[in-house]
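Chain by chain, the residues run as shown.
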Amino acid sequence: MIPTIVRNGFLALRRDRGAFILTFVLPVAFFSIFALVFGGMDTSGTPRVSVIVVDQDHSQVSARLVRGLEEEPSLKVMTQPAPQDSNPHPAPFTAVSAESAVRQGDAPAAILIPEGFGEHPIAFGPGSRPTFVILHDSSDPIAAQVASGLLQKVVMTSLPDILAFSGAKYLGRVSGGLTSEQRKLIADDLTRLRNYVQRRDRQGGQAAAHGMNGIVAVKLRDVVGASKRSPMIAFYAAGIGVMFLLFTASGAAGSLIEEHESGALDRMLSARVSMTTLLAGKMLYCWLLAFFQLVLMFLWGWAVFHLELFSHIPGFVVMTAATAFAVASFGMVLASLSRSRPQQAAISTLLILVMSAVGGSMFPRFLMPELMKKIGLFTFNAWAIDGYTKVFWRDEPVTSLVPQVSVLVGSGIVLFVVARLLARRWETA
Amino acid sequence: MTDSAHAPGIPLHVESLSKRFGDVIALAGISLDVRARTCFGLLGPNGAGKSTLIRSIVGRVRPDSGTVTLYGEAANSPAARTSIGWVPQDLALYPLLTCRENLHAFGRYQGLAGGPLRDAIAWCLEWAGLADRSGSTVKTLSGGMRRRLNLAAGVIHRPRLVLLDEPTVGVDPQSRNRIFDMVSELRAQGTTIIYTTHYMEEAERLCDYIAILDHARVIALGTKDELITQSFGGRYDAAIQLSSAAPATEEWARSNGGACKDGIARFSIARPLEIAALLESAERAGLDVVDVILRRPNLESVFLHLTGRELRE
């Protein structure tokens, strides 16, 4: 009896392709994506962090530091913007252009090597010390910390002679038989160090932002999210929103299959309704549904999580309209492609979860290896999240959304045409 | 039937219609005409080709060869579409919408709007006996009510020709009678009706003309009386049920000009009294007679006569 029940279960599973895919293909696909993202298949370990380096010191010491940073395998250093057709030999980054680049999302962080670093490389000792500034975009909370830590490491590893020389210089000032005055100076330095440690412990990470965090003085400055009341909420609203939008559009468009199965589709097409009209009507419904769903999501974000919605209405409307259009077309293609509702549910679940994982709805794309970031550009999620980030995080104007809107609307149009072609099978037998 | 096949007044003209789905021949050169203001029955077992024929008429199946014209217009042309109303075999309704909302939707699909649409919905609800359930969703209706709403959604634009594809499948006798009344009312209003069924009694009760389909072909065409006369003349149908063993009963039936199947010997006789001779013969042959039925042949008899099997086999 029990073997028969088990056998029936496996027979049904084997013949239900949707359930079969969800049972065996989806977990393997997800495992592979996570393995790729978190380095399981990438022997180089942690993905490289892109960072802009601006040498304001122009000394031999600072040049050695830049080289050291460039040789650091965990960093991808940019000292000048990428060459363009219009500007094949761009000038090196300055503090201003580096800040602008970080604001625009070209890099998550920029290290500004201070003037005078070559003269006074060490953060402690008598006299005023030049302080490194790391400009960063707090939507990527990891990049600044990685850049800061690796800066300290590279200073140690690439400038050991400079550090030794500086140490000797400072010791020379205070030595000479360790007079009582010298002992007092050393004791004072130790006291200052102890005070620093105590203050750092009391203030948590804030002390680091005030320049007392290692062999060189480093100050972090958030150039994008400093004025934000609720950093990252827009990112999560967009990421999660798009993922559920895809599910919603897929489900709504799936009514086409139900109407085909019930005969209502035949009945409509035998009346005055053409297939193009029918698909356009379904598409409009899916678009409106997706639009209102995103509006609700962001309104909730505004009401509960202090998302700055009403100061970004134009960008929000443009991005929401474009995103809803793209996902509605996606739903139409899935419905036109599938032979049955269960098949459509299985295909859409598989595609949406994979797209959401690769496209940044589940974890930020800046955590991913370069290859995964590029693959992510084939998903709506990535383009939508980038667009919403521009609107809510970087406060960029609506005109800056042209790439995102073009991709979303363009691919939406292409998918609608594909859906129309696929739907020809329903027109006549 | 009509001779003026392409005349604009002729509701339906089908000429040499053929359709094949892979290896399956669904229609094999079917030709027929339907006169105005008549009820034309398409009778045949499941798989005979009735639904494919209907779907070809409404433009949902593209025939491999042959033509279909509706009031002189090619099937699937805009003019043809407006003149027909199709009630598919399936419950082609929105289950989560109410009766009124369903009728509104299908009325709009047929191009109705405003006052004419409101009037049409009111008429449909009344005609289908659903006025008191107009606000109920389809999924809360009984099977018979759903069937009636399915009918109403197909005729909301008051077409001149209505195609009913097995409209009584799965309904109880009371609901079936209600549907018969609805069809009769449509006929009385001058609507031409094409009615497919595999129930003989429905075809006999409702249809003026009947085409019997079997294996994708029209095997007989005419009025009920014409079909019976063509097959049996003025003869009677005699069925004698026997409890004796099969070889003996079959041999006996054959020797008396009949046929025996499943213990029932069937004969076509010119006069009722001839049954007495058959009974005497059975007694002489030592057969045990259990029951005797004498009747005028009906469509069932015609189908059996033409195909050698019951309609519902």
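Before reading further, recall that the structure is shown in the block above.
In this report, the structure presented in the accompanying data block is examined. Model, not experiment: these values are computed from the prediction. (Residues numbered from 1 in each chain as written. Chains lettered and ligands numbered in written order. Predicted model: local features only at pLDDT ≥ 70, side-chain atom pairs only at ≥ 80, totals over all residues.)

Right, let's talk about the overall build of chain B for a bit. Secondary structure assignment for chain B yields eleven helices and 14 strands. Each of the three principal axes of chain B carries a C-alpha extent, and together these read 80 × 45 × 40 Å. Out of the 313 residues belonging to chain B, those deemed buried represent 42%. Across chain B, every contact between residues at least 6 apart in sequence was considered, and the portion connecting residues at least 24 apart equals 68%. (Helix = DSSP H or I, 4+ residues; strand = E, 2+ residues; numbered from the N terminus. Buried ≥ 20, exposed ≤ 12 C-beta atoms within 10 Å, placed from the backbone. Contact = placed C-beta atoms within 7 Å.)

What follows is about the nonpolar core. With 178 residues, the main nonpolar core has Val51(A), Ala110(A), Met332(A) and Leu163(B) as its most contacted residues. Take this core: its biggest share by element is 13 residues, from helix 13 (residues 313-337) of chain A. Every residue in contact with Ala110(A), bar those within four places of it in the chain, is listed here: Val51(A), Ile52(A), Val54(A), Ala98(A), Glu99(A), Ala101(A), Val102(A) and Leu135(A). Core analysis: the second largest hydrophobic core is formed by eleven residues, Trp252(B), Ala253(B), Phe267(B) and Leu278(B) among them. (Core = buried A, V, L, I, M, F, W, Y, C linked by C-beta atoms within 7 Å.)

One widely used convention gives an interface's size as the accessible area the parts lose upon coming together. On the chain B side, the residues contacting the 13 residues of chain A number 16 residues. The element contributing the most residues to the side of chain A that touches chain B is helix 11 (residues 264-270) of chain A, with six residues. In the side of chain A that touches chain B, the residues fall into six nonpolar, four polar and three charged. (Nonpolar A, V, L, I, M, F, W, Y, C, P; charged D, E, K, R; others polar.)

Attention now moves to the sheet that holds strand 5 (residues 217-222) of chain A. All names here are of chain A. One open sheet accounts for five strands, arranged 2-1-3-4-5; its pairing is mixed. At either end of the open sheet lies a strand with only one pairing partner, and these are strand 2 (75-78) and strand 5. Within the sheet, the average angular offset between the axes of one strand and its neighbour, ignoring direction, is 25°. Strands strand 1 (49-55), strand 2 and strand 3 (109-113) of the sheet are contacted by helix 3 (residues 60-71), whose axis makes an angle of about 170° with strand 1. Running at roughly 155° to strand 4 (residues 131-136), helix 5 (residues 143-158) makes contact with strand 1, strand 2, strand 3, strand 4 and strand 5 of the sheet. (Pairing = 2+ DSSP bridges. Axes fitted to C-alpha atoms, helices over the stretch in contact; angles between N-to-C directions.)

Moving on, we come to unusual backbone geometry. The phi angle at His58(A) is positive, at roughly 55°, despite the residue not being glycine. Inspection of the secondary structure assignment puts His58(A) in the loop between strand 1 and helix 3. Of note in this structure, Tyr71(B) is not a glycine but carries a positive phi near 50°. Its 20 C-beta neighbours within 10 Å are what place Tyr71(B) among the buried residues.

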